[in-house]
Amino acid sequence: SFSQVKHPLVNNDNPKTAIVVISSERGFVGDLNSRVVGRAMEEKEKTSDSVFVTIGKKGVMKLESMGQKSVKIWEDVEEKGFYEVSLEVKDYLVKEVMEGRLGKVVVIYPWPKDYTSIKPRAVKLLPCEDLMPQQAQTVEKFKQVIEESDSLDMTGYLADFWLSSKIFEIFF
């Protein structure tokens, strides 16, 4: 069953972590971006083997002002389109994990807690261990299902699709 498949996007031991920093590009939110970058720096302190991946010009500038470099940068997100950038980010992260250069991904982004406040939020994206335990709970109900594709390929496809959805969800 899928819950027993070992796939790098779902479970791996590689400690190298990408800290994805998403900044707001709107005006008059310098304090918010400072708090997002501050939260990213806290994450970096907890994870010694980590790199920054940054989405948004203002996040890049904040990190650079602190002497921090990003291994990958996306700017002009609104011009390119949120969906297109979501897919580019997902493709980059999947490639890095599948080729063993990354093992874990955490994203830090401005999260609208309610109508009056926005705060930095950290979410673990990879490995997406949450994807398979949910499936394992329903396996008993579907023992009669015919499995035509390779379980490893199907797990990769599901993890890839899940990651695309999560990244796009963060933009909205």
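Coordinates for the structure precede this section.
Residues numbered from 1 in each chain as written. Predicted model: local features only at pLDDT ≥ 70, side-chain atom pairs only at ≥ 80, totals over all residues. Heavy atoms only, no water.

Asker: Tell me about helix α4 (residues 82-98), residues and numbers included.
Answerer: With 17 residues, α4 ought to run about 24 Å at 1.5 Å a step, and its terminal C-alpha atoms sit 24 Å apart, in line with that. Every buried residue of α4 is accounted for by Val 85, Ser 86, Val 89, Lys 90, Tyr 92, Leu 93, Val 94, Glu 96 and Val 97. (Helix = DSSP H or I, 4+ residues; strand = E, 2+ residues; numbered from the N terminus. Expected span 1.5 Å × (residues − 1). Buried < 20%, exposed > 50% of the residue type's maximum accessible area, 1.4 Å probe, protein only.)

Asker: Tell me about the packing of aromatic side chains, and name the residues and values.
Answerer: Summed over all chains, the structure comprises 3 aromatic pairs. Their ring planes at 15° and their centres at 6.4 Å tell us that Tyr 157 and Phe 161 sit as a pair that is stacked. Pair noted here: Tyr 157 and Phe 161 are both in helix α6 (residues 151-171), with a separation of 4 residues, about one helical turn. Judged by its relative accessible area of 51%, Phe 161 is exposed. Above the face of the Trp 74 ring, Lys 72 is positioned so that its terminal group lies 5.3 Å from the ring centre. (Phe/Tyr/Trp six-rings, centres within 6.5 Å; stacked < 30°, edge-to-face > 60°. Lys NZ or Arg CZ within 6 Å of the ring centre and 35° of its normal.)

Asker: So, the nonpolar core: which residues are in play, and what are the values?
Answerer: Ranked by size, the top nonpolar core spans 29 residues in total, and within it Val 20, Ile 22, Ile 55, Leu 93, Leu 125 and Leu 126 carry the most contacts. Secondary-structure elements contributing two or more residues to this core are β1 (17-22), β2 (50-55), α4, β4 (104-112), β5 (118-126) and α6. Those residues in contact with Leu 93 that lie beyond four places of it in its chain are Ala 18, Val 20, Leu 102, Val 105 and Ile 167. (Core = buried A, V, L, I, M, F, W, Y, C linked by side-chain atoms within 4.5 Å. Contact = heavy atoms within 4.5 Å.)

Asker: I'd like a description of the packing of helix α1 (residues 30-46) against helix α2 (residues 57-65), backed by residues and values.
Answerer: In contact at an axis separation of 10 Å, α1 and α2 are set at 60° when each is read in the N-to-C sense. One way to sum up the angle between α1 and α2 is to call them oblique. Crossing angle aside, the handedness with which α1 passes α2 is right-handed. Packed against α1, whose contacting residues are Gly 30, Asn 33, Ser 34, Val 37 and Met 41, the element α2 presents Lys 58, Gly 59, Lys 62 and Leu 63 at the interface. Counted by class, the contact of α1 with α2 contains 3 nonpolar, 4 polar and 2 charged residues. (Axes fitted to C-alpha atoms, helices over the stretch in contact; angles between N-to-C directions. Parallel < 35°, antiparallel > 145°, perpendicular 65-115°, else oblique. Left-handed = near helix turned anticlockwise from the far one by under 90°. Nonpolar A, V, L, I, M, F, W, Y, C, P; charged D, E, K, R; others polar.)

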